[in-house]
Each structure stands twice: as C-alpha cells, then as structure tokens.
Amino acid sequence: MSVSNGHPQRVVVEQGAKVRGGEGVQPSPRFRDRSRVQPGFISTRREVLVYFDSKVSNTFYLLYRLEREQLKPEYLKLNPQHTVPTLVDDGLSLSYLANKYGKGSTLYPEEPRARALVDQRLYFDIGTLYQRFADYFYPQIFGGAPADQGKLQKIEESLKFLDTFLEGQKYVAGPNLTLADLSLIASVSSFEATDIDFKKYSNVKRWYQTVKSTAPGYQEANEKGLEAFKGLVNSMMKK
Amino acid sequence: MSSESAVKLYHFPASGPSRGALLAARAIGVPVQIQTVNLFQKEQLKEDFLKINPQHCVPTLDDDGFVIWESRAIACYLADKYGQDEDDTLYPKDLKQRAVVNQRLYFDASSLYVKIRAICFPILFLGETEIKESLKKDLNSALEFLNEFLETGKWVAGHSLTIADTSIYASLSSILAVGWDISSFPNIQRWIKGCATIPGYAENEEGAKQFGEAVKKNLKTNIK
C-alpha cells in the first residue's frame, strides 16, 4: 500500500534462503513492494529467525527478515526525508508465515488457549519489552540524548516480567519453542549491544542459552544482524 | 455454548485496551462478568491480582481458570473460541484476511495506541501538564496511516467489522475524549460513525469519557 503524504517509505528487506532442497519461499505481496534499501537503517530493526519443518517435503526454510518498527520520527535526524516509518509488524509476518507454512507446527499452535498464550507473549514483546528498549535506547544512539534512568528502570521491570513468565518453563509460552521465543530472542539479544545486564535474571539467562542452541540457524540468522547492529551502535556512540 | 458460563474480565473502564477487550467480547456476543480493577487507585498491585497476573495490567481474562492478558490476544482468543457469526467475519479463518486483521491489531499495539499512551500516561501519572509538539506529530502520523487503511473499505481490515475495529476504536475513543482534532482525517470520521453500530459502543463511550476527563483535568490548556 502507498502512503499519500509525500514521504518516501522506509525499508523492509526480506530474504528467503533455501537451506536444504524444497521450493523457495514466496514472499507475501506486502513485502514484495518494498525494494528500496536505506543502508543506514538496516541494522536499526529487529530480526526474526523463523524456521519451518515441512513434514511433507522434509525441508527447512530459513527466513531472515529485517524489519523496522516503531522508530519514532524524532530519532531519525540522520535523514530528515525519512520521517514516516513503514508499516512493518512482527505479528503479521510471523503468524502469516506460520499459518501458511507451518500447519500443525508447535511454533504457532492452533489450540485456542495455547495460541492465546503465544499471542500474549508476542504483544508483550512488541508493546512492552521492545517498546521500552527502543524508548530508552534510540534517543541515545540517534538523538545523542543522555541515558534516562527512569526509562532504564522500565526496561529492568520488563525483564523481571519476562523472568517471571519463564519461571518453571523451558520456553516463554510453554514446553515448546514458539514464535514468541523467536520474536523475544531478537529483542533480548539486541540488549547485548548495550550495557543492560539481562543475564542477571536467572530464568532469562537460562532461556537465552536454550533458544540460542535450539533455534535452528540461529547463528546464521540472528548473530549476523546482531553484529551489524552492534557495529552501528558503536559507530554512533563514538560521535 | 452454555448461556450461564460467562468469562471473567478484570477491567477498568477508563483504560483503552481494557475497553478494547470488552468491546470485542460484546461484538462476539460472549457473556462477560466484569471485575473492576481501579488503576487510579493502584488496585492492580494488590497481592490477589498479582497472583493472577504478575504483569499487573488490565484487561485480564479468566476463562474458567485459563488466564490470559493483552487485550488483542484476548480478543483473538474469544473470537476463535466463542465466535458464532456464520460468516466468520469478526476474525476470519481465511489466511490472508486474518493476516490483515492481525496487521491492524499489531499496528494498534505498536504504532497507534502506544502514541496515545505516550501523550496521556505522563499527564495522568507523572505530573505532565501539556502535550509536546513531537508527540502530537507522532500520533498524527499514525492517524494518517489509519486514514489510509480506511480508504478502500468500510472497516479497518476491509468490508466487514472485525476485532481490529473494536481494538482500534477503543484506543482512538480514548484520545477523542481528550479532544483530539481529527478534522483532517475524513475516512476516520466516516468510520467512527459506523462504529456507533457496534454492540457495546455506548459502554465504551462511557469509559472513554472517564479517561478523557481524567486527562483534561491535568492539562493546562485545551488541545484545540
């Protein structure tokens, strides 16, 4: 869709990579339209690693997605042209892909209660955890603002919530890896580019290690983007 | 579905998201037993409620022992579990239609409501008495998108009422009650008129009014 307010749209880049046999992934029409790349912003986003085990063809699809979300206009002083964020959203992409390619997968269960729990954790990520991270961090790296202790406290609080959700649970929405873990790992791993010590929360630390080692392709999909993000942060903080 | 079995909703009428869950429930037609949690009096921090929801937020749903929060996760759950509309329109099962509804729900969560909250939370709870220009621009940018969504369909996700409409209307009605100017968003104005036909609309207006008054009380100057 186009926004008729004269502002150029920012970027979503989606790459589909074939890992083992099978057909390539058809990107959804929404993403096909976005072809312009704004280099400065690629790493200022969250990445999600999603994989699907297609039981029929026994192939794995690795989807490496870059998206930007909820970047507030006042942080985009690097390029005043790009003041309107694109309409990217985690939930659409993840659940659409899960519904389309992962029927019967435990990644996004169909049973209403199990699904509701995954949804709640996804909204927690986008509305609370990542929201507070962006709110604290982006004014510093983009706006040169000093660290706001009040906002830092809000982040610590959201990590405490996450720690509580993980009490007695292997994954964030129950005994199986779900979209919520993948979404949250992208957010929490971004904390590594900051001095926020999320590993002091024992359940979060344990869960972080578990997901990093059990989410297939994690190294390739998340680590690459995370390194790029760290690089960007370092270069901006030096100014 | 037994008519005696109501779902329990921990609810605060002034809260936009709380009204979002309730409005969805009303549209779906599932009976709701409301348990008020007064956020202005910090009742969400009471021991009993913390046991139910350690994140201490409203709305929180208790469906016969199954507890879930996040207004939009609640709306999706209620639609999937109790939805009886023959045309399956409130939260369609069709993959692409559902994806659009989901996108609108996430838009509300991450782009629209969050900007309303950024304006109102400091005024309600942190002693702020005015609305910064940058926050006004933020919200109006989101409203431009919403206006665009409403260009091609009567409702936010297309031609039928969905739980995306109930979610977004609950959010928007909050800031409208504070006096926000939507004169430059003709599609939103048109859509709002349509929202008056949603079951539970009057109940939502009542809660939004409480919210608006609480905010206006602390604002030094009128928005307009």
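## What about the nonpolar core?
Piece 1. Of all hydrophobic cores here, the largest spans 124 residues; its most connected members are Leu162 and Trp207 of chain A together with Leu78, Leu146, Ile163, Ile188 and Trp191 of chain B.
Piece 2. Counting residues per element, this core draws most heavily on helix H4 (residues 112-143) of chain A, at 16 residues.
Piece 3. The residues touching Leu78 of chain B, leaving out its near neighbours within four places in the chain, are Val7, Ala25, Ile28, Val30, Leu61 and Gly83 of chain B.

## Some details on the environment of Gly168 of chain A
Piece 1. Among the secondary structure elements, Gly168 of chain A is positioned in the loop between helix H5 (149-165) and helix H6 (179-190).
Piece 2. Along the primary structure Gly168 of chain A and Gly150 of chain A are separated by 18 residues, whereas in three dimensions their C-alpha atoms are 30 Å apart.

## Comments concerning the sheet that holds strand S1 (residues 7-11) of chain B
Piece 1. Pairing within the open sheet is mixed, and its four strands lie in the order S2-S1-S3-S4 (chain B). Of all strands in the sheet, those with a lone pairing partner are strand S2 (32-36) and strand S4 (66-69) of chain B, marking the two edges. Put simply, the sheet's adjacent strands are angled 20° from each other on average, direction ignored.
Piece 2. Bridge analysis of strand S3 (residues 60-63) of chain B against S4 of chain B gives four bridges, and the strand direction is antiparallel. Within S4 of chain B, the residue paired with Thr60 of chain B across the bridge is Trp69 of chain B.
Piece 3. Of the strands in this sheet, S3 and S4 of chain B touch H4 of chain A, which is tilted by about 30° from S4 of chain B.

## Here's the deal with the packing of aromatic side chains
Piece 1. Per the counting criterion, the structure on display carries 17 aromatic pairs over all chains.
Piece 2. Arranged with centres 6.0 Å apart and planes meeting at 50°, the rings of Phe40 of chain B and Phe125 of chain B form a pair that is tilted. Highlighted residues: Phe40 of chain B in the loop between S2 and helix H2 (47-52) and Phe125 of chain B in helix H4 (residues 95-125), separated in sequence by 85 residues.
Piece 3. On the basis of relative accessibility, which here comes to 40%, the residue Phe40 of chain B falls in the partly exposed class.
Piece 4. Through pairs of rings, three or more aromatic residues link up here, namely Tyr130, Phe133, Phe137, Tyr138, Phe191, Phe198 and Tyr208 of chain A.
Piece 5. It is Arg115 of chain A that lies over the ring of Tyr108 of chain A; its NZ or CZ is 3.7 Å from the centre.
Piece 6. Above the ring of Phe165 of chain A, the side-chain terminus of Arg121 of chain A is found at 4.1 Å from the ring centroid.

## Some details on the confidence of the model for chain A
When pLDDT drops low, the exact placement of atoms in the prediction is not to be read closely.
Piece 1. For chain A, per-residue confidence averages 64 on the pLDDT scale, and residues scoring 70 or more make up 52% of the total.
Piece 2. In the predicted structure, residues 1-91 of chain A sits below a pLDDT of 50 and forms 224 contacts with residues beyond four places in sequence or in another chain.

Reading guide: rules and limits
- Sequence order sets the numbering: in each chain, residues are counted from 1 along the sequence as written.
- Starting at A for chains and at 1 for ligands, labels are handed out in the order in which the entities are written.
- pLDDT decides what is reported in this predicted model: residues at 70 or higher carry local features, side-chain atom pairs at 80 or more are listed and counted, and totals for whole chains, interfaces and linings draw on all residues regardless.
- With hydrogens and water stripped out, all remaining heavy atoms of the structure feed into the side-chain values.
- The criterion is simple. A nonpolar core is a set of buried Ala, Val, Leu, Ile, Met, Phe, Trp, Tyr and Cys residues joined through side-chain atoms within 4.5 Å.
- Only protein chains enter the calculation, and the probe is 1.4 Å; a residue is then buried if its accessible area is under 20% of its type maximum, exposed if over 50%, and partly exposed in between.
- The way it works is that DSSP assigns letters per residue, a run of H or I at least four long becomes a helix, a run of E at least two long becomes a strand, and they are numbered from the N terminus.
- Here, two residues are considered to be in contact whenever any of their heavy atoms come within 4.5 Å of each other.
- Pairing between strands is defined by DSSP: at least two bridges between them are needed.
- Convention adopted: a line fitted to C-alpha atoms gives each axis, helices being fitted over their contacting stretch, and angles between N-to-C directions are expressed from 0 to 180 degrees.
- Here a pair means two rings of Phe, Tyr or Trp (six-membered ring of Trp) with centres within 6.5 Å. Their orientation is stacked below 30 degrees between planes, edge-to-face above 60, and tilted elsewhere.
- Only lysine NZ and arginine CZ atoms are considered, and such an atom sits over a ring when it is within 6 Å of the ring centre and within 35 degrees of the ring normal.
- Per-residue confidence from the predictor is reported as pLDDT, a score between 0 and 100.

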